[in-house]
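Geometric and topological summary
Residue-level listing of the chains:
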Amino acid sequence: MPRVLLIEDDPSIREGVGLGLRRRGHEVSAAATGEEGLALIGGFRPELVLLDLMLPGINGVQVCRRIRETSQVPIIMLTARGDDFDIVVGLEAGADDYIVKPARTEIIEARIKAVLRRLKGPGGLPGVEHHGELAIDRAGLTVAKNGERVALAPSEIKLLLHLSASPEQVFSRQQLLEYVWEHSYHADARLVDACVRRLRNKVEDPDGHPRYIQTVRGFGYRFGPL
């Protein structure tokens, strides 16, 4: 079972979630502040981070940005509020998913499994595809632009793989939500939009005219044409 770093300032939630995940076989390291969590990452080497959005000192968004400077480890935000602004800010900072507290351990475990499945990708797909300046290695789950490796989070790579597998096919936000995040309810379309914005920042040219991830107004997104 994957190692989980839990960064949560509420002691009852920290102990309850930590205990529940340990019972399911996870190795869990817990921190009460963002500073403590960042200090643990190098030695503990988590395979997933559960990160509270509202932390004392360095808040969850700042912690997420700091982690993303050096690592693409999957990050799931924990938030006590369903506030759209806070959630979108966290997703823009690089989080892969979010859970509104309180949440049962079964829900947290299901989200962990869904995020980690993205790391495995579609599997078994051959070769390196070239789309203009982009080289997409489906088997190796890597992307390069102009010969330089592009660091993508799990949700970003799975979204790009899915879109690029069917160039010019239009996918609705709901279709992408169900495939990439394995969510089945419409309220989380913001996950798709935030991920698209992050992906564009990494693979598109900075001229504001997307070549690869194109918006189909009123419906969703497509890959290409170039």
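Here the residue index of a chain counts from 1 through its sequence in written order. Predicted model: local features are reported for residues with pLDDT of at least 70 only, side-chain atom pairs are reported and counted for 80 or more only, and whole-chain, interface and lining totals are derived from all residues. For side-chain calculations, the full set of non-hydrogen atoms in the structure is used, while hydrogens and water are omitted.

1. Section: the packing of helix α6 (residues 154–164) against helix α8 (residues 189–203)
- Interaxial angles span 0 to 180 degrees and are taken between N-to-C directions of axes, which are lines fitted to C-alpha atoms, for helices over the stretch in contact. The helix and strand labels rest on DSSP assignments: H or I over at least four residues marks a helix, E over at least two residues marks a strand, and numbering proceeds from the N terminus. The contact between α6 and α8 brings their axes to 10 Å, and the two run at 85 degrees. Comparing the axis directions of α6 and α8 gives the class roughly perpendicular. Here α6 contributes Ser155, Glu156, Leu159 and Leu160 to the contact with α8, which in turn contributes Cys195, Val196, Arg198, Leu199 and Lys202.
- As a working rule, the residues Ala, Val, Leu, Ile, Met, Phe, Trp, Tyr, Cys and Pro are called nonpolar, Asp, Glu, Lys and Arg charged, and the rest polar, with Gly in that last group. Of the residues that constitute the contact of α6 with α8, the class distribution is 5 nonpolar, 1 polar and 3 charged. For classification, angles of less than 35 degrees are called roughly parallel, those exceeding 145 degrees roughly antiparallel, those between 65 and 115 degrees roughly perpendicular, and all remaining angles oblique. By definition, residues are in contact when any of their heavy atoms lie within 4.5 Å.

2. Let's talk about the sheet that holds strand β6 (residues 128–131)
- Here a strand pair is declared whenever DSSP counts at least two bridges between the two strands. Spatially, β6-β7-β8-β9 is the arrangement adopted by the 4 strands of the open sheet, whose pairing is antiparallel. Edge strands, defined here as strands with exactly one partner in the open sheet, are β6 and β9 (148–150). Each neighbouring strand pair of the sheet contributes to a mean axis angle of 30 degrees, computed without reference to strand direction.
- Inspection of the sheet shows β6 paired to strand β7 (residues 134–137) by 4 bridges, in the antiparallel sense. Looking at the pairing, valine 128 lines up with aspartate 137 of β7.
- Docked against the sheet, α6 engages β6, β7 and β8 (142–145), running at close to 100 degrees with respect to β7.

3. Observations concerning helix α7 (residues 173–181)
- When α7 is considered as a whole, its buried residues turn out to be Gln174, Leu176, Leu177, Val180 and Trp181. One side of α7 carries all its buried residues, which in axial view fall inside an arc of 160 degrees. For every residue, the accessible area (1.4 Å probe, protein chains only) is compared with the maximum for its type, and the residue is labelled buried under 20%, exposed over 50%, or partly exposed between those bounds. What the arc measures is the spread of directions leading from the helix axis to the C-beta atoms.

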